[in-house]
Protein chains: 2
Amino acid sequence: MLSALGEVFRAHGYEGASLALISEATGLGKGSLYHFFPGGKEQMAAEVLGSIDAWFVTEIYRPLRKASDPRGGIADMFAGVDTYFRSGRRVCLIGVVALGNARDLFADRVKEYFVAWVDALALALRKLGHSPTVARHLAEQAVLEIQGALVLARAVNDRKVFSRALMRSHRRLMLTRPERSQRRSI
Amino acid sequence: MLSALGEVFRAHGYEGASLALISEATGLGKGSLYHFFPGGKEQMAAEVLGSIDAWFVTEIYRPLRKASDPRGGIADMFAGVDTYFRSGRRVCLIGVVALGNARDLFADRVKEYFVAWVDALALALRKLGHSPTVARHLAEQAVLEIQGALVLARAVNDRKVFSRALMRSHRRLMLTRPERSQRRSI
DNA sequence: GTCTATAAAGCGATAGAC
DNA sequence: GTCTATCGCTTTATAGAC
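What counts and what doesn't
Residues numbered from 1 in each chain as written. Chains lettered and ligands numbered in written order. Predicted model: local features only at pLDDT ≥ 70, side-chain atom pairs only at ≥ 80, totals over all residues. Heavy atoms only, no water. Least-squares fit on C-alpha atoms with pLDDT ≥ 70 in both. Contact = heavy atoms within 4.5 Å. Buried area = accessible area lost by both parts, 1.4 Å probe. Salt bridge = Lys/Arg side-chain N within 4 Å of Asp/Glu carboxyl O. Nonpolar A, V, L, I, M, F, W, Y, C, P; charged D, E, K, R; others polar. Core = buried A, V, L, I, M, F, W, Y, C linked by side-chain atoms within 4.5 Å. Buried < 20%, exposed > 50% of the residue type's maximum accessible area, 1.4 Å probe, protein only. Near = heavy atom within 4 Å. Polar contact = N/O pair within 3.5 Å; in protein donor to acceptor, adjacent residues only side chain to side chain. Helix = DSSP H or I, 4+ residues; strand = E, 2+ residues; numbered from the N terminus.

*Asks:* How do you make sense of the relation of the copies chain A and chain B when you look at a structure like this?
*Replies:* Taken together, a rotation about one axis and a shift along it account for how the two chain copies relate. Note on the copies: chain A fits chain B at an RMSD of 0.1 Å, the axial shift is 0.0 Å, and the rotation between them is 180°. The transformation just described matches what one would write down for a two-fold rotation axis. For chain A, the smallest separation between a C-alpha atom and the rotation axis is recorded for Gly148(A), amounting to 1.8 Å. Taken as a fraction of all interface residues of chain A, those also at the interface in chain B reach 100%, which identifies the copy contact as same-surface.

*Asks:* Is there a simple way to explain the interface of chain A and chain B in this structure?
*Replies:* Think of interface size as the accessible area that goes away when the parts come together; that is how it is often given. Counting residues at the interface gives 37 residues for chain A and 37 residues for chain B. The contact between chain A and chain B buries some 3,300 Å² in all, and 62% of this surface belongs to carbon and sulfur atoms. Considering only the side of chain A, the residues that lose the most area to chain B are Leu99(A), Leu144(A) and Arg154(A), jointly responsible for 20% of the buried surface there. Counting across the interface, chain A meets chain B through four salt bridges. One salt bridge in this structure joins Arg168(B) and Glu140(A), with 3.7 Å as the shortest N-O distance. Considering only residue class, the side of chain A that touches chain B consists of 18 nonpolar, 10 polar and nine charged.

*Asks:* Help me out: how do you make sense of the nonpolar core in this one?
*Replies:* Within soluble globular proteins, side chains that are nonpolar generally end up buried alongside one another. Of all hydrophobic cores here, the largest spans 134 residues; its most connected members are Phe85(A) and Phe85(B). Beyond its immediate chain neighbours, meaning those up to four positions away, Phe85(A) contacts Phe56(A), Arg90(A), Val91(A), Cys92(A), Tyr113(A), Trp117(A), Ile146(A), Leu150(A) and Phe162(A).

*Asks:* Got a minute to help me understand the protein's contact with DNA strand C in this structure?
*Replies:* Lining the immediate surroundings of DNA strand C are 13 residues, of which Leu19(A), Tyr34(A), Lys41(A), Gly29(B) and Gly31(B) lie closest. A share of 67% is what sugar and phosphate atoms reach among the atoms of DNA strand C within 4 Å of the protein. Between DNA strand C and Lys30(A), the relevant distance is 3.2 Å, taken from a base nitrogen to a side-chain nitrogen or oxygen of the residue. Between a phosphate oxygen of DNA strand C and a side-chain N or O atom of Ser32(B), the distance comes to 3.3 Å. Elements with a contribution of two residues or more to the surface near DNA strand C: α3 (30–36) and α4 (40–66) of chain A together with α3 (30–36) of chain B. When residues of the surface near DNA strand C are assigned to their parent elements, the largest contribution, four residues, is made by α3(B). In terms of residue class, the surface near DNA strand C is built from five nonpolar, six polar and two charged.

What follows is the structure, given as structure tokens:
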């Protein structure tokens, strides 16, 4: 249900996703939709964004934070991201909202999604011996590369752009060696 | 004129930019707007995208291709990009359209913008001795980092994210040394 | 060229029958 | 819980006066 809703918002954006389209995609009439979402379209989008955020927390962020082997945790993150975004064919709804005009409506959720991602990845990188600052910047870089890869892959309509970017990003995180003086145990 | 139009599309997206908003931003009534753009909103957006593309060609891509000193050309590119995007406060309209539902309408222009960017940067990198393939991947990476930085900076509402990403990207391009066996003169 | 008036369609949202 | 009918408003676009 929220999943079908998400695909409509993904495909048409917040403004573009009319109740007619939503009704068609979910197979529910407007009456039923307003029964489930008394808050209307804004509530629908908010719950969709919330469910995406929750999915990332349980499927990506938490495993990444809890991973006993940070390298394996990071590898799982990239694998999960590749699957979720269907190797670049699927767009990041949170990113779309961040760029769009509906950003103000959902600013908190959008920010939380990205902050949690950077935090989780930065923690794994600290376990590899990076200083808090370096870990944070490396994590920020990786997240931003994924978002940029989604934009570029969709713009030039070539999902190999996405795969390549994901591989480069993963490889760089694995190869970047922490400075000796910054190495620490956690 | 096209500039004022561009800001409206940037701020509200293609769907969100109603003729009422456009009329207000340009100071022209609907009648006048349809006098200049008989094709309506779609023509307005197409011409705005075209003008942005043209700006990047003359201000960024061409200087980058023609630069006698590739390192200086690349530095100018990053400086120009930082200025254009107002250090991350301004969003990339082409990127927004690429992610949005209006993408199909303007797919050609969107693709051309990014292809031309990657091509121009790849040419400069080849002049530094990189192989065509490596140069292309490095260029693709830099362009995608800029787009991702715009998304992330806007999402977390912190333009320092953009500045940092631009600096890292520039620095990496300057530090990545071409393989000896791939070095060539152009 | 610029305006106002208006058409025709689509929008989000509501009411009320079932 | 799901539907249809409908409200009130906004949308893009056009017509025609000036």
